[in-house]
Amino acid sequence: MKNFSSILIIVTTLLASCGSDDSRSCTTCTSDQTIPFTICEESNGNASINGENTGVVYATYIDGLITAGATCGE
C-alpha cells in the first residue's frame, strides 16, 4: 500500500506539472478606422483577436498593424 501511495503522489505531481501552459500576453491597439481592440500573443506565437487565432506570427501581425497606421501598446 505504501508503494501505491508513492506512485499516486508521483503521478499526481507529474500531471499537475504537465498542465496547460497557455500563457498569453495582450495589448490594445487603436486606429483612426477602428474602435480600440485587443490583440494577444498566444502560447504558439500567433496573434489572436477576440480569441480567434489569425494564423500569423504575433510580431508580424503587430508590424502590419503599425505599418497600416495603428498604434499598439501605448
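What comes next concerns the included structure.

## What about the sheet that holds strand 2 (residues 34-41)?
In a beta sheet, neighbouring strands pair by backbone hydrogen bonds and run either parallel or antiparallel.
Piece 1. Strand order in the open sheet formed by five strands is 4-3-2-1-5, with antiparallel pairing between adjacent strands. The open sheet has two free edges, formed respectively by strand 4 (52-57) and strand 5 (71-72), since each of these has just one partner strand.
Piece 2. In the sheet, strand 3 (residues 46-49) pairs with strand 4 via three bridges, with the strands oriented antiparallel. Of the residues in strand 4, the one forming a bridge with N46 is V57.
Piece 3. In the packing of helix 2 (residues 58-67) onto the sheet, contacts are made with strand 1 (25-31), strand 2, strand 3, strand 4 and strand 5, and the angle to strand 4 comes to roughly 90°.

## Focus: the nonpolar core
Piece 1. Counting 10 residues, the largest nonpolar core consists of C29, F37, I39, A47, I49, Y58, I62, L65, A70 and C72.
Piece 2. Contributions of two or more residues to this core are made by strand 2, strand 3 and helix 2.
Piece 3. It is helix 2 that provides the largest number of residues to this core, a total of three residues.
Piece 4. Those residues in contact with C29, other than ones at most four positions away along the chain, are I35, P36, F37, I39, I62, L65, T71 and C72.

## What to know about the state of the cysteines
Piece 1. Applying the stated criterion to the full structure yields two disulfides.
Piece 2. There is a disulfide in this structure between C26 and C40, and the S-S distance comes to 2.0 Å. Torsion about the S-S bond of the C26 and C40 cystine: about 100°, corresponding to right-handed handedness. Of this pair, C26 sits in strand 1 while C40 sits in strand 2, and the two are 14 residues apart along the sequence.
Piece 3. Disulfide pairing is shown between C29 and C72; the S-S distance is 2.1 Å. Taking the sign of the S-S torsion, 115° for the link of C29 and C72, the bridge is right-handed. Here C29 is found in strand 1, whereas its partner C72 is found in strand 5, with 43 residues between them in sequence. Neither residue differs from the other here; C29 and C72 are each classed as buried.

Calculation rules
- Residues numbered from 1 in each chain as written.
- Predicted model: local features only at pLDDT ≥ 70, side-chain atom pairs only at ≥ 80, totals over all residues.
- Heavy atoms only, no water.
- Pairing = 2+ DSSP bridges.
- Helix = DSSP H or I, 4+ residues; strand = E, 2+ residues; numbered from the N terminus.
- Contact = heavy atoms within 4.5 Å.
- Axes fitted to C-alpha atoms, helices over the stretch in contact; angles between N-to-C directions.
- Core = buried A, V, L, I, M, F, W, Y, C linked by side-chain atoms within 4.5 Å.
- Buried < 20%, exposed > 50% of the residue type's maximum accessible area, 1.4 Å probe, protein only.
- Disulfide = S-S within 2.5 Å.

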